Amino acid sequence: MPSLPSGPLKVPGPEGFRGDLLACSPDLLDLTWDQMRTLVVVHEEGTALAAARLLGREQSSVQKQLDILNRNFQALTGELVVVKQGRGRDLLFTPTGLEVVDRIRSTFSDWLQGIANSRRRLGSTLTVGTTEFTLPFLARVWERVESDLMAREVELKVVHVRTRDFRQRLDSNQVDLLCGGLAAPIGDGPLAPEYDFLEWHREGLALLTNLSVRELPARQIGVERLRNLPLVIPSRGVIADFVERWYGTDFRTHLQVVAEIDDIYYGLALLRSEMTRGCMLCARSIGEAAIAGRLPGGEGFRLVDFADDFDPMLQLVSGVFARKSERDTYDASHPLNVLWEAFREEAASGRPIPL
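To start, this report covers the structure provided alongside it. (Residues numbered from 1 in each chain as written. Predicted model: local features only at pLDDT ≥ 70, side-chain atom pairs only at ≥ 80, totals over all residues. Heavy atoms only, no water.)

1. Structural notes on the side chain of Thr38
For Thr38, the position within the fold is in helix H3 (residues 33–45). In this structure Thr38 comes out as buried when scored by relative accessible area, which is 0%. Apart from the residues within four sequence positions on either side, Thr38 is in contact with Leu55, Arg57, Val62 and Gln65. (Helix = DSSP H or I, 4+ residues; strand = E, 2+ residues; numbered from the N terminus. Buried < 20%, exposed > 50% of the residue type's maximum accessible area, 1.4 Å probe, protein only. Contact = heavy atoms within 4.5 Å.)

2. Focus on helix H10 (residues 238–247)
Within H10, 7 of the 10 residues are buried, leaving the element largely enclosed by the surrounding structure. For H10, the set of buried residues is Val238, Ile239, Ala240, Phe242, Val243, Trp246 and Tyr247. The positive-phi residue at the C-terminal boundary of H10 is Gly248, with phi of around 90 degrees.

3. A word on helix H4 (residues 48–55)
All buried positions along H4 are accounted for by Ala48, Ala51, Ala52 and Leu55. Down the axis of H4, the sector holding all buried residues measures 105 degrees, keeping them to one side. When the buried face of H4 is taken as reference, the exposed residues oriented beyond 90 degrees from it are Arg53 and Leu54. Taken together, the buried residues of H4 touch H3 and helix H5 (59–77). (Arc of directions from axis to C-beta.)

4. Points about the packing of aromatic side chains
Aromatic ring pairs are defined here through the distance separating the ring centres and the angle between the ring planes. Inspection of the entire model under this criterion finds 12 aromatic pairs. Each ring, one from Trp33 and one from Phe108, has its centre 5.0 Å from the other, and the planes form 85 degrees; the classification is edge-to-face. Of the two residues, Trp33 is situated in helix H3 and Phe108 in helix H6 (residues 95–122); the sequence distance between them amounts to 75 residues. Given the relative accessible area of 21%, Phe108 is considered partly exposed. With a centroid separation of 5.9 Å and 90 degrees between ring planes, the pair formed by Tyr195 and Phe321 is classed as edge-to-face. With Tyr195 in strand S6 (residues 195–203) and Phe321 in strand S13 (residues 314–323), this residue pair connects regions lying 126 residues apart in the sequence. In this structure an aromatic cluster arises from ring pairing among Phe242, Trp246, Phe306 and Phe310. Above the face of the Trp340 ring, Arg327 is positioned so that its terminal group lies 4.2 Å from the ring centre. (Phe/Tyr/Trp six-rings, centres within 6.5 Å; stacked < 30°, edge-to-face > 60°. Lys NZ or Arg CZ within 6 Å of the ring centre and 35° of its normal.)

Below is the structure:
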């Protein structure tokens, strides 16, 4: 039997990340979340004064945090994080300061996303994205579940999402449910197979125009006639999807686009002002609402329908989207599933779609 070594027994110390963690410098351990947030805001705003205004603090409070950060990081790395440039000039961020800001942004992003994921999983919050025109439908559906979910202290967040980027908002977990629409062929084929999708409404497009009957006597416009009309078209989004499906991604070279718009109200204003004489592509219900005065239309506005010679024949299909199979990971009482079922019941009720 071998003899034991004489003297006190030495226990091997921790190695790797755990060892580095236990040996952290106090200068790093004293770094607070509040200081990190302040540094990012200062970097975005340029000065301590501008950051203080945004944070609702005194400039001296922000400057004190910067001084502490400078002192600690000079001890840690040998370099300050920010350097004063003179009165009225933006602070200069050193290479160390820029790297620290990047790490802070990444850290905050990971933590905030993790917290949001936990709240979503536990059902304490529910975020729904809507366009302006799908918001009334959400409001009606919410009436069905409000008392139940409010009693369970579920926090509902409603986010305005433009059609041009609404799928990205769902894919990146910024929303849990999304009320919107897509261009889909007429028929019963699968819709949005990459998502869970619940349909509630279908309709066609129409041209809302301020052109007189003499200027545009047709009651229907076919695929070739549309090429020669002055058109107001959204730059991106579901209406642009229709046009791309009909004329290709280079549709601007095949059509007379006199204005590209980012929202329906700007298009209505253009036509109403008559600075643009032409036709705006829109959902038929939107055009009807403008003519009826439920949206800011104009005298002389009228609707012209599309003929049936477009290939493919498309409809605007509205509904609610969720991430594929995510609802299956929760039980029926989870707020995501409760609201989904309320959408299903409202869609099946047959009540007219509000606008």
